[in-house]
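# Observations on chain architecture
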Amino acid sequence: MSDPYEPPDQVYGMVDDGSPHRVLNVKVGSASHLLKKDIFGLSDPYVRVSLCSGTPAEVEGEDSVVGVPATTPHIKKTLHPVWNKVFKFRVNPGAGPPQYLLFEVFDFNKVTQDDFLGMYRFHLFQLPINNSPNERPEDIIHTMPVHHMLLKPRSRRSRVRGKLHCQFTYDYSREFARSQSAQEIDNDLAEDGQWESVQSLEQDMQPLPEGWEERVDFSGRIVYVDHVNRLVTLDRPAAPARPIGRTGCV
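Positions within a chain are numbered from 1, following the residues in the order the chain's sequence is written. Reporting in this predicted model follows two pLDDT cut-offs: at least 70 for local features of residues, and 80 or more for side-chain atom pairs to be given and counted; totals over whole chains, interfaces and linings ignore these cut-offs and use all residues. Side-chain measures here rest on the full set of heavy atoms in the structure, leaving out hydrogens and waters.

## Some points on the sheet that holds strand β9 (residues 163-170)
Strands sit in the order β1-β5-β2-β9-β8 across an open sheet of five strands; the sheet is mixed. Every interior strand has two partners, whereas the edge strands, β1 (12-13) and β8 (147-150), have only one. As defined by bridge partners, strand β2 (residues 22-32) adjoins β9 across eight bridges and the pair is classed as antiparallel. For Leu-24, the partnering residue across the bridge sits in β9 and is Tyr-170. DSSP-based pairing: two strands are paired if at least 2 bridges between them are found. A run of H or I in DSSP becomes a helix once it reaches four residues, and a run of E becomes a strand once it reaches two; helices and strands are each numbered from the N terminus.

Now the structure itself:
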């Protein structure tokens, strides 16, 4: 069986310009009960997936696509296609304009324009930000909940039918863990008590700078909370050097 993943260096969506981002794995699994478009057959469906940005009010018109879309192969003569294709998208669900994935299903035609079979806008805020360093996305995406997305028309003249079935999971991101705010950590602690304060595991370490605290998160990792700037990092901060004497003029 062929690998459903794209080449490892193929990431769609945002350009990697050094700004904070996450890598989202999108598994386009299958569709069901699509509309028949071919006169003498069924349909040859494929899916185009685009990262878009904007508020719900803005997307009532034309969608603002970010980067290059991903496209599945077309499956010949079926109304119940199975792709099981996984794409990686570079996204930033926590900052800037809201982001969403635009799924568009088409019937492939060799000569004429491809026929529209339906669409769905999936907003990223619907996904939990799972962030475990011990799980590979290619191992767990097949166990993630399946989202059954009822296809919608693009306009009043569009005739569509059927559902698209997809799964999602994020890559673990050390950089994203660093950018989480200490306020979010405090909220988690107040809600479920999964965080605890700890003493340093190495007694010969220098003391933490003023305003910093060492904690253990729900995954057992040691993290360092900066209560002044409301940030958290996995790297132990260095205390500023202390003067050992005073010099003066004679």
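There's plenty left to go through after this.
## Structural notes on the sheet that holds strand β3 (residues 45-53)
Spatially, four strands are ordered β4-β3-β6-β7 in an open sheet, and the strand pairing comes out antiparallel. Of all strands in the sheet, those bounded by a partner on one side alone are β4 (64-71) and β7 (115-123). Between one strand axis and the next, the sheet turns by 20 degrees as a mean value, whatever way the strands run. Pairing of strand β6 (residues 99-107) with β7 involves eight bridges; the strand directions are antiparallel. Bridged to Glu-104 within β7 is Met-119. Between N-to-C directions, angles cover 0 to 180 degrees, with each direction set by a line fitted to C-alpha atoms, over the stretch in contact for helices.

## Thoughts on the pattern of salt bridges
Salt bridge, as used here: a side-chain nitrogen of Lys or Arg that lies within 4 Å of a carboxyl oxygen of Asp or Glu. The tally for this structure, following the rule as stated, stands at four salt bridges. Between Arg-48 and Glu-104 there is a salt bridge, and its shortest N-O distance comes to 3.0 Å. Pair noted here: Arg-48 is in strand β3 and Glu-104 is in strand β6, with a separation of 56 residues, a long-range link. Each residue is placed in one exposure class: buried if its accessible area under a 1.4 Å probe, protein chains only, is under 20% of its type's maximum, exposed if it is over 50%, and partly exposed if it falls in between. With relative accessibility at 28%, the residue Arg-48 sits in the partly exposed group. Judged by its relative accessible area of 8%, Glu-104 falls in the buried class. Residue Arg-154 is joined to Glu-104 by a salt bridge in which the shortest nitrogen-to-oxygen separation is 4.0 Å.

## Concerning the packing of aromatic side chains
Classification of ring pairs rests on two measures: the distance between centres of Phe, Tyr or Trp rings, Trp counted by its six-membered ring, which must be within 6.5 Å, and the angle between planes, read as stacked under 30 degrees, edge-to-face over 60 and tilted in between. According to the stated counting rule, one finds six aromatic pairs in the structure shown. Plain terms: the ring middles of Tyr-12 and Phe-89 are 5.7 Å apart, the flat faces sit at 35 degrees to each other, and that makes the pair tilted. With Tyr-12 in strand β1 and Phe-89 in strand β5 (residues 82-91), the pair connects residues that are 77 residues apart, well separated along the chain. Judged by its relative accessible area of 11%, Tyr-12 is buried. You can call Phe-89 buried: its relative accessible area is 0%. Geometrically, the ring pair formed by Phe-122 and Phe-168 is stacked, given 4.5 Å between the ring centres and 15 degrees between the ring planes. With Phe-122 in strand β7 and Phe-168 in strand β9, the pair connects residues that are 46 residues apart, well separated along the chain. Exposure class is identical for Phe-122 and Phe-168. Each is buried. In this arrangement the basic side chain of Arg-154 is found over the ring face of Phe-116, its NZ or CZ atom lying 4.1 Å from the centre. The rule is short: NZ of Lys or CZ of Arg within 6 Å of the ring centre and within 35 degrees of the ring normal puts a charge over the ring.

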